[in-house]
Amino acid sequence: MPKKVVNYAPGPAALANPVLEIAKVGLTDYEGTGMSVMELSHRGPEFLGIIRNCEAKLRKLMNIPENYSVLFFQGGGTLQFSTIPLNLMGEDGSADYLVTGSWSNGAATEAAKYGKVNLVFPKADKFEGIPPVSEWKLDPKAKYVYYCANETVHGVEFPFIPETGDVPLVADMSSNILTKVVDVSKFGVIYAGAQKNIGCPGVTVVIIRKDLIGKALPSCPKLLDYKIIDSKESMLNTPPTWSIYIAGLVFNWMDDEGGASVFEKRSQEKSNLIYSVIDASDGFYTAPVEKSARSRVNVPFRIAGGNEDVEASFLKEATAQGLLQLKGHRSVGGIRASLYNAITIPETKLLADFMKSFQEQKKSN
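Conventions used here
- Residues numbered from 1 in each chain as written.
- Predicted model: local features only at pLDDT ≥ 70, side-chain atom pairs only at ≥ 80, totals over all residues.
- Heavy atoms only, no water.
- Helix = DSSP H or I, 4+ residues; strand = E, 2+ residues; numbered from the N terminus.
- Rg over C-alpha atoms; globule rule 2.2 N^0.38 Å.
- Buried < 20%, exposed > 50% of the residue type's maximum accessible area, 1.4 Å probe, protein only.
- Pairing = 2+ DSSP bridges.
- Axes fitted to C-alpha atoms, helices over the stretch in contact; angles between N-to-C directions.
- Arc of directions from axis to C-beta.
- Contact = heavy atoms within 4.5 Å.
- Phe/Tyr/Trp six-rings, centres within 6.5 Å; stacked < 30°, edge-to-face > 60°.
- Core = buried A, V, L, I, M, F, W, Y, C linked by side-chain atoms within 4.5 Å.

Asks: What is the right way to look at the overall build of the chain in this model?
Replies: Helix and strand content of the chain: 9 helices and 14 strands. Here the C-alpha atoms of the chain give a radius of gyration of 21 Å, agreeing with the 21 Å that 2.2 N^0.38 yields for 365 residues. Judged by the C-alpha coordinates and their principal axes, the chain covers about 65 × 60 × 30 Å. Buried positions account for 54% of the 365 residues belonging to the chain.

Next comes the structure, spelled out in C-alpha cells:
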C-alpha cells in the first residue's frame, strides 16, 4: 500500500484521489483505444472530445459568458507576463499594475519591455497587504489594469475585485481560480497556470473577452497571439494533451462535488482552521499578512519569532507524520501551507492539530 501523506505543496500541488484513479487508466488505455492519452493524435476524435469537454466544464463551473473565449496555452502563467502586453498594450500604450507580491512584480517588470507601466501605488518593501483604494492612482487612458488575485509566495489575496471603469481588468488567478465564485464579466482577461487548482503543470488557461482579441503588436510571436490561438482552437501546434486531459478530469470532479460555491465554503473553512491556531498561539505562530488580505489558499507563517532552528524542527516532525511540502518559499523563509481545492477539511485539521501539539511540545521543553 502506498504511504498515506498529505501534500501541502504550493505547486505542483495535490490532485484529488478520484482524479488520480481515472488518470491511472487513461495513462495506459484511454477509453478502450489501447493507447495512452499521451499517445493520442491531437487532431483525432478522442482528443478533440477531451479538449472540448475541458472547455465546456470550465465554462459551466465559472459561468463564462458566450462573449469570452477559453484558450489553452503552454509556458505557464509566467509566459502570460509577456503575452498580455504583446496583445493588449498596443503601440505607445500604457498599462496600470497593482504590485502586491513577487508574481505581480514580475509581471510588471516584464510588461515594461513592451510599453509604459504605471504602478497604481508604490511598491512596498514588504508585501503584507493591499493599500487602501483611496490611495490608488489609476490612469483612465491605460489599456488595461493588471493584478494578481492571490500572491502564492507572500500569501496576499484580494478580498474584492478592483473597480476599473471602462479599462479592461486583467487577473492572474493561478493560485485561487475555482476556489470561489467569480463574476467573469467583470474581467477582460483571467488566466491561471494549472498546477495548483486546475491540474498538473503544462497548460495555462486564458479566459478573454472577445473584443480584446486581434490587437497584438506586429512583433508578437504567433504562438502568443490570442487571435491566432483562438482561431486554431488552441491547437496551432501540438497542445499539452496530458495536462488538458487532467484539467478536464479535475473540472468533472469539481462539477460532481457541487461546483465553485461548494469549494468556496470549503476554502473558507480550511483557512479558518489554520489562522485560528495562529491567532490563538500567543505569538508562537505569526502570520505576516494583514488580516484583511490574508490568503485562503496560501498560508505563510513564522514560528517562535522566525527561529530557524524551531522551524526546521517543525518541518522535520511534520514530514515524519506525513505532512509534506510545508517549507516557505526560499525568498521569504518560514512555513507555508497551501490549501488548494484537492486538500480536504480533514487533511487541514491534521495540520491544525499538529501545529497545536508542536506548540505544546515546545512549551514543555
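After that view, the rundown keeps rolling.
Asks: Even after reading the chapter, I still don't get the sheet that holds strand S3 (residues 94-98), so can you show me in this structure?
Replies: Adjacent strands of a sheet form backbone hydrogen bonds with each other and so pair up, either parallel or antiparallel. Pairing in this open sheet of 7 strands is mixed, and the strands run S2-S10-S9-S8-S5-S3-S4 from one edge to the other. At either end of the open sheet lies a strand with only one pairing partner, and these are strand S2 (68-73) and strand S4 (116-119). Within the sheet, the average angular offset between the axes of one strand and its neighbour, ignoring direction, is 20 degrees. Taken together, the 4 bridges between S3 and S4 define a ladder with parallel strand orientation. Along S4, the bridge assignment pairs Asp 96 with Asn 118.

Asks: Any chance you could explain helix H4 (residues 102-111) here in plain terms?
Replies: What sets the pattern is the α-helix's 3.6 residues per turn: residues three or four places apart point alike. Taken together, the buried positions of H4 are Ser 104, Ala 107, Ala 108, Glu 110 and Ala 111. Along H4, the residues classed as buried sweep out an arc of 165 degrees about the axis, all on the same side. If you follow the buried residues of H4, they end up packed against helix H3 (76-88), S3, S4, strand S5 (145-148) and strand S6 (150-151).

Asks: I keep staring at the environment of Ala 171 and nothing clicks. Help me out?
Replies: Along the chain, the position of Ala 171 falls in strand S8 (residues 169-172). Along the primary structure Ala 171 and Ala 192 are separated by 21 residues, whereas in three dimensions their C-alpha atoms are 8.6 Å apart. Beyond its immediate stretch of four places on either side in the chain, Ala 171 contacts Tyr 147, Phe 187, Val 189, Ile 190 and Tyr 191.

Asks: I keep staring at the packing of aromatic side chains and nothing clicks. Help me out?
Replies: The geometry of two aromatic rings is summed up by the distance between their centres and the angle between their planes. Under the definition given, this model contains 20 aromatic pairs. Seen in terms of ring centroids, Tyr 147 and Phe 158 are 4.8 Å apart; in terms of plane orientation they differ by 75 degrees. Their pairing is edge-to-face. You can see Tyr 147 sitting in strand S5 and its partner Phe 158 sitting in the loop between strand S7 (156-157) and S8, a full 11 residues away along the chain. For Tyr 147, a relative accessible area of 2% gives the class buried. Judged by relative accessible area, which is 2%, Phe 158 ranks as buried. Relative to Phe 358, the ring of Phe 354 has its centre 6.0 Å away and its plane inclined at 40 degrees; by these criteria the two rings are tilted. Of the two residues, Phe 354 and Phe 358 both sit in helix H9 (residues 345-364), 4 residues apart, roughly one turn of that helix.

Asks: Even after reading the chapter, I still don't get the side chain of Arg 294, so can you show me in this structure?
Replies: By secondary structure assignment, the location of Arg 294 is in the loop between strand S11 (285-286) and strand S12 (298-303). Beyond its immediate sequence surroundings of up to four residues, Arg 294 is in contact with Gly 155, Glu 157, Tyr 275, Asp 279, Ala 287 and Val 289.

Asks: I'm lost on the nonpolar core in this one. Help?
Replies: Note that soluble globular proteins tend to have their nonpolar side chains buried in a common cluster. Formed by 88 residues in total, the largest nonpolar core has its most connected members in Tyr 285, Phe 314 and Leu 326. The element contributing the most residues to this core is helix H6 (residues 241-257), with 10 residues. Ignoring sequence-local partners within four residues, the contact set of Leu 326 consists of Tyr 8, Phe 314, Leu 315, Ala 318, Gly 334, Ile 335, Arg 336, Ala 337 and Leu 351. In this structure, Leu 71, Phe 73, Tyr 226 and Ile 229 belong to the second largest nonpolar core, which totals 24 residues.

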